[in-house]
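Here is what each chain is made of, one letter per residue.
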Amino acid sequence: MLKDTTLAERSERPASGALTSALKVERLSFRYARRREWALRDVSFEIAPGECVLISGPSGGGKTTLLRCLNGLVPHLYQGQYEGRASVFGSDVAGLAVAAIATWVGTVFQNPDGQMLTSTVESEVAFGVENLGVPADEGRARCEAALQFVGITHLRHRPVTTLSGGEKQRLAIAGTLVMRSSILLFDEPLSNIDPGGASEFLAHLSSLRQAGFTVVIVEQRVRQVRTLADRVIWLEDHTVASDERCSTTSAPRAWLRFAEAAGSHEREDGLAGEVKRRGPLRVAPSDVAVAFEGVTFRYPYGPEVLTDVSLALEAGSWACVIGRNGCGKTTLAKLTSGLLRPTGGRVTVGGLDTSSHSSRSLCGVVGYVFQNPLHALHASTVKEELAFYPKNLGWGKDEVELSVDAALAAVRLGGQAHESPFVLSGGEQQRVAIASVISGHPRVLILDEPTLGMTGPDLEALRLFIRTLTAQDRLVITITHDLELVRHSDRVVVLSDGCVCADGPPTRILSDEFVAGVFGA
Amino acid sequence: MQAGYLPRSSFIHRLNPLTKLVWLCVAGSVSFIVPNPRLLAVMLVIVAALAVMARVGHPWLVFMRAALLPALAITVINVLMSPYHGDRMLFASYSGDNRLLFHLAWGPLQLTVTAFGLQKGILLGLRWLSLVAPAGVFIYTTRPEDFAAALSRLRVPHSVAFAAGAALRLIPVLIEDIVTVVAAQRARGLQWDRRLISRARFLPVVIVPLIGCSIRRATDMAAAMETRAYGATAHRTSCYPPHFRVVDACAVGVSLVVLVAGILSRVGT
């Protein structure tokens, strides 16, 4: 609920007759400069003030582009061939400056870090009002109101870098509220935050709705947002495939379509419904691929990140590591790959002690796919990118060739083999990054947030792919916030405050109370 | 290495960024004016004391350790490059006689180490250190946006001031990116050994992803700025401007006195 009246009196809407729509898109098509395919084709819809609309669909279907058309980044920042019309409260987006649209339409971007423009909470919130030239007194009052509304007044002097994902997101919301925009756009708000942050966000979303904001959410995790949305617009193949109202009694067809696409992945029945054990877990000591024995770790002069972690992961299984942001998941992965060495205890990988073996001798055993594919992609073609790892391992030319082709086929990128990895879409880049590690045939594969930006069919493919690896007696470790993915693994390791606080099959770990306990949701 | 603002509670953190900017300029100029290695050492000690008072002593030491390598390079190069022309030198400040301490002639290559050359090398090395030392304290104690606001107060156009602030803010982000890229490539078997060939190979493997990340970051930032009304008006306001207090006036006063003293000491010699 609104706690302060200053926010309630939002910016004047432009007067142009009777306005029934907050946002209106008429026969809109857009093609990015130097791209062959259209990102949007003949899209039309209308959103009434106060409505909450979910825009969903498979990745690469034009969702983000559509959002950019609504806040004016297309055609002002991202240029290209633009046809049709998008309007905000009756004014043509193409005829307004983005800064002017900003007072009506606030945008919260997908990457919480990328949209932070200053270093502390207070100055970050004030950035928008300062740009508008609002007098300092009034500006401060607006900042106060916005901070209070999103409930982060107590964090006002904190550096932005120390905030959790959920807190950053609230800060981003506050940063748009100060400009008194009455329409809020969210780009994949759930993809970068842990499950605790996600439920925080959903609670917040419902208070935004009650306060009368028009809310447009682009999100692939339909199940979680669905209960709050009035309407679901399904974008597929760059155009609107369906546009339906949600009723409380029946799920919209778009949602069913999604469930179908995702296989059993998102079906209504409870979390335990789909989990099948794939044979008994083997526990013979020779099968242990990765072992942590009383491992502690701290960065030089930093606090202890891991305090006493003991763990044995078997070859031929799929383990998921979950936990809040900053609980030490990535540190665990780096210790496994030998990029970091424990300050106490012992880490062994395939029988090799990481402290006494060079990272070179370990890198053939452990493959590590980093979260952001851009941190790894460097070659001029996809094929060269995939050959990088096996070449570094000193393989012969024919071996490299064979393994690259196999990896390309595994991620279904055979057609793009000779393209530059930099012209591919985000989802394709993610797959290239995974393939570029698979090509080295590591016995242990670590995937850090592999499902970012993936939808139903891609997820299904990823799962099948992980299963083929485990069938070859490899160990797969995924670090993820995606509890839907976790459900299909063999084993879940929950990290909290640098310790393993739970470890077991997903059926047991993913009971609602337990997850709630870990994530404080 | 920490390379950005460190929030701590200290009077130096609370000083107006303009004050700190004045101090930074004064300290920089004085380290160029002062011709005496001992005075430079004293200046370094004072800056170290300030760093400790600002509770950034440890990160400052790490910062200085990184600055030590260029300092050594400057010293060594100057020591080896000072030719011996008898006992006359340009600067009157070198003490004692100029003596030839070491001489090596190997074909056209002449290496000479002279007493004055040694003094000059040490002086220039120390000068570099005392030039960067205050910058470390400044970076650790000043919020980039306050720095930008301070520049705006000096009538610097806001776009320039914002860019300067953003550059300061992005240094630690860039360092983090480099660390991650190197880790990602090492995980795929990249070795950075001492052979020159593999170093040449190493560079594109790290720099290309770094450029990719930076372009993405720049685009994201531009989008975030535009949707938050950047450039909507020429009369940008500041909601939480840093205050200029009595302490600031005193600090600026002290800085100016030091500057004048430095100039006078030079004129005196």
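Residues numbered from 1 in each chain as written. Chains lettered and ligands numbered in written order. Predicted model: local features only at pLDDT ≥ 70, side-chain atom pairs only at ≥ 80, totals over all residues.

### Looking at the overall build of chain A
Consideration 1: Helix and strand counts for chain A come out as 19 helices and 20 strands.
Consideration 2: Buried residues in chain A amount to 52% of all 521 residues.
Consideration 3: Long-range pairs, those at least 24 residues apart, make up 70% of the contacts in chain A with a sequence separation of at least 6. (Helix = DSSP H or I, 4+ residues; strand = E, 2+ residues; numbered from the N terminus. Buried ≥ 20, exposed ≤ 12 C-beta atoms within 10 Å, placed from the backbone. Contact = placed C-beta atoms within 7 Å.)

### Topic: the overall build of chain B
Consideration 1: Within chain B, the regular secondary structure consists of nine helices and two strands.
Consideration 2: Its helices and strands taken in sequence order, chain B reads α-α-α-α-β-β-α-α-α-α-α from the N to the C terminus.
Consideration 3: Looking at chain B residue by residue over its 269 residues, the buried ones come to 33%.
Consideration 4: Contacts spanning at least 24 positions in sequence make up 77% of the contacts within chain B whose residues lie at least 6 apart.

### A few points about helix H15 (residues 426–438) of chain A
Residue and element names in this part refer to chain A.
Consideration 1: In this model H15 runs 19 Å from its N-terminal to its C-terminal C-alpha over 13 residues, within 8% of the 18 Å that 1.5 Å per residue would give.
Consideration 2: Here H15 has its buried residues at Glu428, Gln429, Gln430, Arg431, Val432, Ala433, Ile434, Ala435, Ser436, Val437 and Ile438.
Consideration 3: Turning to H15, the residues buried within the fold contact strand E16 (366–369), helix H13 (382–392), helix H14 (397–410) and strand E17 (444–448). (Expected span 1.5 Å × (residues − 1).)

### Considering the confidence of the model for chain A
Residues and elements named next belong to chain A.
Consideration 1: Here chain A shows a mean pLDDT of 83. Residues at 70 or above account for 86%.
Consideration 2: Summarising per-element confidence for chain A, the mean pLDDT is lowest in helix H1 (residues 5–8) (41) and highest in strand E18 (residues 475–479) (95).
Consideration 3: Contacts of residues 258–285 to residues separated by more than four positions or lying in other chains number 36 contacts, the stretch itself having pLDDT below 50. (pLDDT = per-residue confidence, 0-100.)

### Brief notes about helix H6 (residues 144–153) of chain B
Consideration 1: Most of H6(B) sits inside the fold, with eight of its ten residues counted as buried.
Consideration 2: Listed in full, the buried residues belonging to H6(B) are B:Pro144, B:Glu145, B:Asp146, B:Phe147, B:Ala148, B:Ala149, B:Ala150 and B:Leu151.
Consideration 3: Those residues of H6(B) that are buried are in contact with helix H5 (121–132) of chain A together with helix H2 (17–33) and helix H7 (158–187) of chain B.
Consideration 4: Immediately downstream of H6(B), the backbone of B:Arg155 shows phi near 70°, a positive value.

### Digging into the sheet that holds strand E2 (residues 40–47) of chain A
Sheets are built from strands paired through backbone hydrogen bonds, the pairs being either parallel or antiparallel.
Residues and elements named next belong to chain A.
Consideration 1: Taken together, the four strands give an open sheet; going across it, the order is E2-E1-E4-E5, and neighbouring strands pair in antiparallel fashion. Since the sheet does not close on itself, it has two edges, and those belong to E2 and strand E5 (91–92), each with one partner.
Consideration 2: With two bridges joining them, strand E4 (residues 80–88) and E5 adopt antiparallel strand pairing. For Val88, the partnering residue across the bridge sits in E5 and is Ser91.
Consideration 3: Each of strand E1 (23–32), E2 and E4 touches helix H2 (residues 63–70); the most contacted strand, E1, lies at about 120° to it. (Pairing = 2+ DSSP bridges. Axes fitted to C-alpha atoms, helices over the stretch in contact; angles between N-to-C directions.)

### Topic: the interface of chain A and chain B
It is common to give the size of an interface as the accessible area lost on bringing the parts into contact.
Consideration 1: Counting from both sides, the interface comprises 57 residues of chain A and, opposite them, 46 residues of chain B.
Consideration 2: Those elements that place two or more of their residues in the side of chain A that touches chain B are helix H4 (98–101), H5, helix H6 (136–150), helix H12 (359–363), H13 and H15 of chain A.
Consideration 3: Per-element accounting of the side of chain A that touches chain B gives the leading share, nine residues, to H5(A).

### Remarks on the nonpolar core
All names here are of chain A.
Consideration 1: Residues Ile55, Cys69, Leu70, Val125, Ala146, Ala174 and Leu185 are the most contacted members of the largest nonpolar core, which totals 87 residues.
Consideration 2: If we skip the residues at most four places from it in the chain, Leu70 touches Leu23, Ala86, Val105, Leu185 and Val216.
Consideration 3: Counting 77 residues, the second largest nonpolar core, distinct from the first, contains Val404, Ala433, Leu485 and Val494. (Core = buried A, V, L, I, M, F, W, Y, C linked by C-beta atoms within 7 Å.)

### Overview of the sheet that holds E17(A)
All names here are of chain A.
Consideration 1: The strand order E16-E17-E18-E13-E19-E20 describes an open sheet built from six strands, whose pairing is mixed. Each end of this open sheet is capped by a strand with a single partner; those strands are E16 and strand E20 (499–504). Here the strands of the sheet are splayed against their neighbours by 20° on average, with no regard to which way each runs.
Consideration 2: One ladder, built from four bridges, connects E16 with E17; its direction is parallel. Bridge assignment links Val369 to a residue of E17, and that residue is Leu447.
Consideration 3: Contacting E16 and E17, H15 crosses the sheet at an angle of about 170° to E16.

### Some remarks on the pairing of strand E10 (residues 239–245) of chain A
Residue and element names in this part refer to chain A.
Consideration 1: Summarising the sheet, strand E9 (residues 231–236) and E10 pair through six bridges and their orientation is antiparallel. The residue bridging Arg231 from the neighbouring strand is Arg245, located in E10.
Consideration 2: Count of turn residues in the E9/E10 antiparallel hairpin: two residues, of which Asp237 carries a positive phi of about 55°.

### A few points about the environment of A:Asp398
Consideration 1: Examined against the element boundaries, A:Asp398 turns out to sit in helix H14.
Consideration 2: Separated by 298 residues in the primary sequence, A:Asp398 and A:Ala100 place their C-alpha atoms 59 Å from one another.

### Details of the environment of A:Ala289
All names here are of chain A.
Consideration 1: Structurally, the position occupied by Ala289 is in strand E11 (residues 288–298).
Consideration 2: The spacing of Ala289 and Leu352 is 63 residues in sequence and 9.7 Å in space, taken between C-alpha atoms.
Consideration 3: Aside from chain neighbours lying at most four places away, what touches Ala289 is Leu313, Glu314, Ala315, Gly350, Arg443, Val444 and Leu475.

### A few points about the packing of helix H7 (residues 165–177) of chain A against helix H8 (residues 195–210) of chain A
Residue and element names in this part refer to chain A.
Consideration 1: Relative orientation of the contacting elements H7 and H8 amounts to 30°, with a least axis distance of 8 Å. Considering their axes alone, H7 and H8 lie roughly parallel with respect to each other. Facing Gly165, Gly166, Gln169 and Arg170 of H7, the residues of H8 in contact are Gly196, Gly197, Glu200, Phe201 and His204.
Consideration 2: A per-class count over the contact of H7 with H8 returns one nonpolar, six polar and two charged. (Parallel < 35°, antiparallel > 145°, perpendicular 65-115°, else oblique. Nonpolar A, V, L, I, M, F, W, Y, C, P; charged D, E, K, R; others polar.)

### So, the pairing of E4(A)
Residue and element names in this part refer to chain A.
Consideration 1: In terms of strand pairing, E1 meets E4 through eight bridges, oriented antiparallel. Note that in E4 the partner of Leu23 across the bridge is Val88.
Consideration 2: Where E4 folds back onto E5 in an antiparallel hairpin, the turn is made up of two residues, including Phe89, whose phi is positive at roughly 45°.

### Quick look at the confidence of the model for chain B
Consideration 1: Overall, the predicted model of chain B reaches an average pLDDT of 85, with 88% of residues at or above 70.
Consideration 2: Model confidence for chain B, summarised as mean pLDDT per element, is weakest for strand E1 (residues 100–106) of chain B at 76 and strongest for helix H3 (residues 37–53) of chain B at 93.

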